[in-house]
Amino acid sequence: MKIGVANDHSAVDMKKQVVEYLVQKGHEVVNYGTDTYESCHYPEYGEKLGRAVASGEVECGVAICGTGVGISLAANKVKGIRAACVSEPYSARMAKEHNNANIIAFGARVVGIEVAKMILDEWLNSEFLGGRHQDRVDMIMAIEEHDD
Ligand code: RB5
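Treat the numbers as computed from the prediction; the structure is a model and nothing was measured. (Residues numbered from 1 in each chain as written. Predicted model: local features only at pLDDT ≥ 70, side-chain atom pairs only at ≥ 80, totals over all residues. Heavy atoms only, no water.)

### Overview of the environment of Ala63
Logical step 1: Structurally, the position occupied by Ala63 is in strand E3 (residues 60-65).
Logical step 2: The buried category is assigned to Ala63, whose relative accessible area is 0%.
Logical step 3: In the structure, Ala63 is positioned 40 residues away from Val23 in sequence and 16 Å away in space, judged by C-alpha atoms. (Helix = DSSP H or I, 4+ residues; strand = E, 2+ residues; numbered from the N terminus. Buried < 20%, exposed > 50% of the residue type's maximum accessible area, 1.4 Å probe, protein only.)

Structure follows, in structure tokens:
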């Protein structure tokens, strides 16, 4: 798959390990994150990744900041994005099976690299179940239209 990754200064090392892991698994990775430890603004990177996923430039995305919260909130402001912030593999799997999340987010200050790898495996290797879950995902996406 072609996967985008984005991160702020708090997640540079985690991002590098994640990229290495994804490449090793045969994925093509596009880096939308920062590569320096200089303090920066996670909304910029969440938006960049969100736009790349929403436009189809990449198929899905991995967003990492200190907690995963801020960068996922930013990505979720982009139309078409369903970014799920998780800290364990079960929620990562459900985020795909039930919510069809197109971005997975986690915190470099919350999970270690081994849990992060498990999160990625569960999310990338599971399938959206559709059916009643499609109806609910449609309802989520319809919210985007309510304020227009
Ligand atoms: C940066 O210090 C931190 O606020 C950021 O990485 C993230 O955790 C925000 O949600």
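After presenting the structure, the write-up continues.
### Comments concerning the site of the ligand
Logical step 1: Lining the immediate surroundings of the ligand are Asp8, His9, Ser10, Tyr42, Cys65, Gly66, Thr67, Gly70 and Arg109.
Logical step 2: Within the side chain of Ser10, a nitrogen or oxygen atom sits 3.2 Å from an oxygen atom of the ligand.
Logical step 3: Interatomic distance of 2.7 Å between a backbone N/O atom of Gly66 and an oxygen atom of the ligand.
Logical step 4: When the free accessible area of the ligand is taken as 290 Å², the share hidden by the protein chains comes to 72%.
Logical step 5: Across the shell around the ligand, the residue classes tally to two nonpolar, five polar and two charged. (Near = heavy atom within 4 Å. Polar contact = N/O pair within 3.5 Å; in protein donor to acceptor, adjacent residues only side chain to side chain. Areas by Shrake-Rupley, 256 points an atom, 1.4 Å probe, with all protein chains shown as cover. Nonpolar A, V, L, I, M, F, W, Y, C, P; charged D, E, K, R; others polar.)

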